[in-house]
Structure formats: structure tokens, C-alpha cells
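# Examining the three-dimensional arrangement
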Amino acid sequence: MRLQGKTAIVTGGAGGIGRAITRVFVREGANVLFVDIDDERGTALEKELGAATRFLNVDIARRESADQIRDAAVDAFGSVDVLVNNAHASRQALLVDHTQDMFDLSFQTGFYPVVHLMQACYPQLKSAKGSVINFASGSGLDGMPTQTSYAAAKEAIRGVSRVAA
Ligand SMILES: NC(=O)c1ccc[n+]([C@@H]2O[C@H](COP(=O)([O-])OP(=O)(O)OC[C@H]3O[C@@H](n4cnc5c(N)ncnc54)[C@H](O)[C@@H]3O)[C@@H](O)[C@H]2O)c1
């Protein structure tokens, strides 16, 4: 059990890759505070995994959610050892068709929560000598034609992750 006694925050932890991360982290002994806007899947996963998990239905696009998420993890489990910035919503469209709303969605769910959660959890991560796991994507490198705002936010995440490191 490689994560025994550790507490992790996982954004987007009720669905997709985040759901698998939540499951595997619990299997490895971690307590997991997972965040999602999918209430049905989040509630079911919390019930399934039991006392090692807390589900928080919060939209990470809201600026104030970062402190709320950090506080919920500390209240439930006493620390933050691992921050997994996994959630990211985006729409696909060619650059010429991309709207401001599409850019806002990608940066407000992808880039800004990564920054705000690293800032909010810094005291806990520093004292725990913890870890941050941020998600970039090959699409940021490849220049896929319809992944305009997604690629842009993913490369911004990659940049700020290097700065944090
Ligand atoms: N799936 C892939 O092939 C792939 C490839 C490269 C990178 N990634 C990255 O991996 C991560 C996970 O990808 P995925 O395919 O599992 O995504 P997904 O869309 O299947 O799941 C994302 C989860 O985040 C939640 N979510 C969305 N918006 C939210 C918000 N505002 N607040 C809180 N939760 C929110 C969703 O409800 C969902 O449960 C993302 O960062 C994605 O960009 C995925």
C-alpha cells in the first residue's frame, strides 16, 4: 500500500480517468477527497469506496472553490499530501470558429483551477513534502485542428507546472 496514511485531492474524481485515480489511490491506502459536478456518480462512488473517501460536489471553475476544496480535505482527513488536478472541460472547434465562451470554458475549468488549487494547498503540501500531479496532453504538442482552446490551456498548464517545480 504505497499511499498508506496519505491524503489526496482529485478533481474530476467521479468520472473518466479521475474515477480510476480515486479508486486506485484508495486501494493503495490513501484517503481521497474527490471533487466533481456529476452528483450521481460522485455520490455512488463515495458510497462504494466508504470511509476513505469524501465526495464534494463543487464547480472548480468558481474561484472560491479552491479554498473550499482544501478546507474540506483538511477537515475530513487532516492534511493534503497529493493534489491531482485532473478535471478539464472543453469544446472542439477550428481556430476560426472558436468563440470566447469556448476559451473561457477551457481556461476556467482547466488552467485556472490548477493555479488556484496549487496556491490554496501550498501550506499543506509544503509541510507534507507533498506532490502535485497536473494533466497536460499530447494535443498541446500535436496541433490537432479542432483542439484550439484545449491545446492552449494544456500548454499553459505545462508551463505553470514547470514554474511550480
Ligand atoms: N481521455 C484522454 O484520452 C486524455 C488524453 C490526454 C489528457 N487527458 C486529460 O486527462 C484528464 C481526464 O480526462 P478524462 O478523459 O477522464 O475526462 P472526462 O471528461 O471523462 O472526465 C472529467 C471529469 O471532470 C468532471 N468535471 C468537468 N468539469 C468540472 C468542473 N467544472 N468542476 C468539477 N468537475 C468537473 C466531469 O464531470 C468528469 O467526471 C483531463 O485533464 C484530460 O484533459 C485525457
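One can find the structure itself at the top, above this paragraph.
Below: a short report on this structure. Since we're looking at a predicted model, the values are computed, not measured.

Turning our attention to the nonpolar core. Ranked by size, the top nonpolar core spans 21 residues in total, and within it I9, L33 and I69 carry the most contacts. Of all the secondary structure elements, the ones that give two or more residues to this core are strand 2 (31–36), helix 3 (65–77) and helix 4 (100–128). The element that contributes the greatest number of residues to this core is helix 4, accounting for 8 residues. Those residues in contact with L33 that lie beyond four places of it in its chain are A8, I9, V10, R54, L56, I69, A72, A73 and F77. In this structure, I21, A30, A52 and V84 belong to the second largest nonpolar core, which totals 15 residues.

Let's shift gears to the side chain of Q147. Counting through the fold element by element, Q147 comes out in the loop between helix 5 (139–142) and helix 6 (148–164). Only 3.5 Å separates the side chain of Q147 from the side chain of S139, close enough to count as a polar contact. Once residues within four sequence positions are removed from consideration, Q147 is found in contact with Q92 and S139.

So, on to the pattern of salt bridges. Two side chains carrying opposite charge are able to pair once their charged atoms lie near each other. Inspection of every chain in the model, using the stated rule, returns 6 salt bridges. Taking the shortest distance from any N to any O, the salt bridge between R2 and E28 comes out at 3.4 Å. Highlighted residues: R2 in the segment before strand 1 (7–11) and E28 in the loop between helix 1 (16–27) and strand 2, separated in sequence by 26 residues. Residue class for E28 comes out buried when judged on its relative accessible area of 17%. With its nearest N and O atoms 2.8 Å apart, the salt bridge here joins E155 to R158. Remark: R158 and E155 occur in helix 6; sequence separation between them is 3 residues, near one turn of the helix. Classification of E155 as partly exposed rests on a relative accessible area of 30%. Among the charged side chains, a salt-bridge network with shared partners connects D67, R70 and D71.

For the rest of this paragraph, the subject is the environment of G42. Relative to the helices and strands, G42 resides in helix 2 (residues 39–49). Judged by its relative accessible area of 0%, G42 falls in the buried class. As for G42 and L56, which are separated by 14 residues in sequence, their C-alpha atoms are 7.9 Å apart. In contact with G42, not counting residues within four places along its chain, are A14, F34 and F55.

Attention shifts here to the pairing of strand 1. Most of strand 1 sits out of view: 5 of its 5 residues are buried. Burial along strand 1 is two-sided: the residues T7, I9 and T11 and A8 and V10 are all buried. Pairing geometry for strand 1 and strand 2, over 5 bridges, is parallel. Residue T7 lies in a different strand from strand 2, and its bridge partner there is N31. You can see the chain leave strand 1, run along helix 1 and come back into strand 2, and the turn it takes is right-handed. Alignment of strand 1 against strand 4 (residues 82–85), held across 3 bridges, turns out to be parallel.

For the rest of this paragraph, the subject is the site of the ligand. Neighbouring residues of the ligand: 18 residues in total, closest I17, D36, D59, N86 and Y150. Note that an oxygen atom of the ligand is positioned 3.3 Å from one of the backbone N or O atoms of G15. Between a nitrogen atom of the ligand and a main-chain N or O atom of I60, the distance comes to 3.1 Å. Taken by itself the ligand offers 830 Å² of open surface, and the protein chains cover 69% of this. Only helix 1 and helix 6 provide two or more residues apiece to the shell around the ligand. In terms of residue class, the shell around the ligand is built from 8 nonpolar, 7 polar and 3 charged.

Cut-offs used in this document
Residues numbered from 1 in each chain as written. Predicted model: local features only at pLDDT ≥ 70, side-chain atom pairs only at ≥ 80, totals over all residues. Heavy atoms only, no water. Core = buried A, V, L, I, M, F, W, Y, C linked by side-chain atoms within 4.5 Å. Buried < 20%, exposed > 50% of the residue type's maximum accessible area, 1.4 Å probe, protein only. Helix = DSSP H or I, 4+ residues; strand = E, 2+ residues; numbered from the N terminus. Contact = heavy atoms within 4.5 Å. Polar contact = N/O pair within 3.5 Å; in protein donor to acceptor, adjacent residues only side chain to side chain. Salt bridge = Lys/Arg side-chain N within 4 Å of Asp/Glu carboxyl O. Pairing = 2+ DSSP bridges. Right-handed = clockwise from strand over helix to strand, strands pointing away. Near = heavy atom within 4 Å. Areas by Shrake-Rupley, 256 points an atom, 1.4 Å probe, with all protein chains shown as cover. Nonpolar A, V, L, I, M, F, W, Y, C, P; charged D, E, K, R; others polar.

In short, the description is geometric, and any link to function would need to be established separately.
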